[in-house]
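# Residue-level structural notes
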Amino acid sequence: MFVLGDIIDIGPDGLEILEEMSYAQNIWPVAGEHEVTARRLLRKFSELLASGETPDAGFALEMREWLASGGAPTFEAFRKLDPDMKEGLLEYLDEMPLFENLKIGGKKYLLVHSGITGYDPADEFDAYEEHEFFGPSPVRNIPDFTVIYGHEPTPDGKIAKSDGSVGIDCGAARGGRLAAYRLEDGAEFYV
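Figured I'd write up the structure that's included with this text. (Residues numbered from 1 in each chain as written. Predicted model: local features only at pLDDT ≥ 70, side-chain atom pairs only at ≥ 80, totals over all residues. Heavy atoms only, no water.)

Reading across the sheet, the five strands line up as 3-4-5-7-6 and stay open at both edges, with mixed pairing between neighbours. With one partner strand each, in any of the chains shown, strand 3 (99-104) and strand 6 (160-162) form the two edges of the open sheet. Neighbour-to-neighbour, the strand axes of this sheet turn through a mean angle of 20 degrees, independent of strand direction. When strand 3 meets strand 4 (residues 107-112), the two strands line up antiparallel, connected through six bridges. Across the sheet, K103 pairs through a bridge with K108, a residue of strand 4. (Pairing = 2+ DSSP bridges. Helix = DSSP H or I, 4+ residues; strand = E, 2+ residues; numbered from the N terminus. Axes fitted to C-alpha atoms, helices over the stretch in contact; angles between N-to-C directions.)

Here it is, written out as structure tokens:
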């Protein structure tokens, strides 16, 4: 099972979910912008705490903005972890890829959280910088691939299939349903 990001900062149990995922042998995460932001800010917070340095104004502002936009439960849960658990969580976040490129049943898939801003067919997927996977106007129609993405709730709360892409965010974070899409046969599942 691939989970396409924004696992944390959405509700109170994000770190608990990440911990469970990290132990599972059959779950692979793809980072969303929440995981990317959290890994950067939590890593910097840990470094500042260990060194005793005072955070600069830029970091303090970024931290306040993250806490206000859903990061507070993640931050509070992180602070309660013991040092080994903190480091394990940061390592797990560091290892999260920005995309997965798969071939199943002869069909090629690109799994991303949102898409790729400024996509150019001449570029390899790993040539894109982190922010391009979460930027405005993400490209989701990539030749020879079916792009599976989340990030934006579908209009009707059902998996949205279009030419070359499949949107699977059915609004679970806002009271909608949690959806899964089986790549082998296109079967849809809702909770």
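So much for the structure itself; the text now carries on.
Take the packing of aromatic side chains next. Aromatic ring pairs are described here by two measures, namely the spacing of the ring centres and the angle between the planes. Using the criterion set out here, one finds nine aromatic pairs in the structure. Ring centres 4.9 Å apart and planes at 80 degrees place the aromatic pair F45 and F75 in the edge-to-face group. Separated by 30 residues along the polypeptide, F45 in helix 2 (residues 33-51) and F75 in helix 3 (residues 57-79) bring together distant segments of the chain. Each member of the pair, F45 as well as F75, is classed as buried. (Phe/Tyr/Trp six-rings, centres within 6.5 Å; stacked < 30°, edge-to-face > 60°. Buried < 20%, exposed > 50% of the residue type's maximum accessible area, 1.4 Å probe, protein only.)

Coordinates in, geometry out; function isn't part of it.
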